[in-house]
Amino acid sequence: SESQILMTMIVQGLGITMFFLPIMQAIVVGFDDNDLADMSGIFNFFRSFGGSVGTAFIATIITRNQQVHYQELSSNISSLNQNFQGWMHNLPAPEITTIAIAKQQIIQQATLLSYLNSFYLVGVLSLLLTIVPFFLKEPPKDAPVVIAH
């Protein structure tokens, strides 16, 4: 529904804000005003590059998991499997059509399982990254506060 999509976008926006603002503030400390433009450009480059690498990594994980789950699930589809035989006989369609329906169901379930696995992986990695700010070097007491974006 629209409210669920709106809440998801709000949580995502808050999460991104709560992630990037402290990182940007930690990076900006100690730079001269003359170097802020270069620093900002480099930060944005690495942020975009990291997003691209992360997207490629997750796409690879999803594809690989989808293939693994497809193989695991399709091993249960056999004319010798009594559950599959019962399912086939309950469908009012020719055998070739029921096999195509079964294949489509396996593809959908394998895709769902692969997305669930990748969501779990990203969640665990995100939780592990929450400890990173505690290892950042504390800025010097006399460091100027830079207000920049």
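Here, every reference points to the structure presented above.
Because the structure is a prediction, the values reported are computed rather than measured.

Peer 1: Looking at this model, I keep getting lost on the nonpolar core. Mind explaining?
Peer 2: A general feature of soluble globular proteins is that nonpolar side chains tend to end up buried together. By size, the foremost hydrophobic cluster in this structure holds five residues: Met24, Val28, Leu36, Met39 and Phe43. With three residues, the top contributor of residues to this core is helix H2 (residues 36-74).

Peer 1: Looking at this structure, I do not really get the packing of H2 against helix H4 (residues 95-129). What am I missing?
Peer 2: Packed helix pairs are specified by the crossing angle of their axes together with the interaxial distance, meaning the distance between the axes. As a packed pair, H2 and H4 sit with axes 8 Å apart at the nearest point and diverge in direction by 135°. Looking at the two axes, H2 sits oblique to H4. Crossing of H2 over H4 shows right-handed handedness. For the contact of H2 with H4, a count of residues per class yields 13 nonpolar, nine polar and one charged.

Peer 1: Would you mind showing me how to read the layout of surface pockets here?
Peer 2: To find leftover empty space, one rolls a probe the size of a water molecule over the atoms. Looking at the largest pocket, its volume works out to about 1000 Å³. The class makeup of the residues in the lining of the largest pocket is 17 nonpolar, eight polar and one charged.

Peer 1: Just to check I follow, could you spell out the packing of helix H3 (residues 82-90) against H4 for this structure?
Peer 2: Interhelical geometry of H3 versus H4 gives an angle of 120° and a closest axis separation of 10 Å. As H3 packs across H4, the resulting crossing turns out to be right-handed. Residues Phe84, Trp87 and Met88 of H3 touch H4, and the partners they reach there are Glu95, Thr98, Ile101 and Ala102. When the residues that make up the contact of H3 with H4 are grouped by side-chain class, the tally is five nonpolar, one polar and one charged.

Peer 1: In this structure, what is going on with the packing of aromatic side chains? I would like to understand it.
Peer 2: Geometrically, a pair of aromatic rings is defined through the distance of the ring centres and the angle of the planes. Tallied over the entire structure, the rule returns three aromatic pairs. An angle of 15° between the planes, with centres 6.0 Å apart, marks the rings of Phe45 and Phe49 as stacked. Here the residue Phe45 and the residue Phe49 both occupy positions in helix H2, the gap between them amounting to four residues, near one helical turn. Exposure remark for Phe49: the relative accessible area of 47% places this residue in the partly exposed category. For the pair Phe84 and Trp87, a centre-to-centre distance of 5.8 Å together with 25° between the ring planes defines the contact as stacked. With Phe84 and Trp87 both in helix H3 and three residues apart, the pair spans about one turn of that helix. For Phe84, a relative accessible area of 8% puts it in the buried group. Here Trp87 falls in the partly exposed class, since its relative accessible area comes to 31%. Among the aromatic residues, those joined into a ring-pair cluster are Phe45, Phe46 and Phe49.

Calculation notes
- Residue indices follow the written sequence of each chain, beginning from 1 at its first position.
- It should be noted that, the model being predicted, local features are given only for residues of pLDDT at least 70 and side-chain atom pairs only at 80 or more, the latter also being counted only at that level, while totals for whole chains, interfaces and linings use all residues.
- Note that the side-chain values use all heavy atoms of the structure and ignore hydrogens as well as water.
- Take the buried residues of types Ala, Val, Leu, Ile, Met, Phe, Trp, Tyr and Cys, join any two whose side-chain atoms come within 4.5 Å, and each joined set is a nonpolar core.
- Only protein chains enter the accessibility calculation, which uses a 1.4 Å probe; a residue is then buried when its area is under 20% of its type maximum, exposed when over 50%, and partly exposed in between.
- Only runs of H or I of at least four residues qualify as helices and only runs of E of at least two qualify as strands under DSSP, and these elements are numbered from the N terminus.
- Angles run from 0 to 180 degrees between N-to-C directions of axes, and those axes are lines fitted to C-alpha atoms, restricted for helices to the stretch in contact.
- Roughly parallel refers to an angle under 35 degrees, roughly antiparallel to one over 145, roughly perpendicular to one between 65 and 115, and oblique to any angle outside these ranges.
- With the far helix as reference, a near helix turned anticlockwise by less than a right angle produces a left-handed crossing, and one turned clockwise produces a right-handed crossing.
- The residue classification treats Ala, Val, Leu, Ile, Met, Phe, Trp, Tyr, Cys and Pro as nonpolar and Asp, Glu, Lys and Arg as charged. All others, Gly included, are polar.
- Grid points spaced at 1 Å over the protein atoms alone were grouped into cavities, where a 1.4 Å probe fits but cannot get out, and pockets, open sets with protein on both sides within 12 Å along at least five of seven lines, with lining residues defined by an atom within 4 Å of a point.
- Grid points are joined across faces, edges and corners, and a volume is the space filled by probe spheres set on the points.
- Contacts were defined at the residue level, with two residues in contact if any of their heavy atoms lie within 4.5 Å.
- Stacked, edge-to-face and tilted labels apply to pairs of Phe, Tyr and Trp rings (six-membered ring for Trp) whose centres lie within 6.5 Å, assigned for plane angles under 30 degrees, over 60, and everything in between, in that order.

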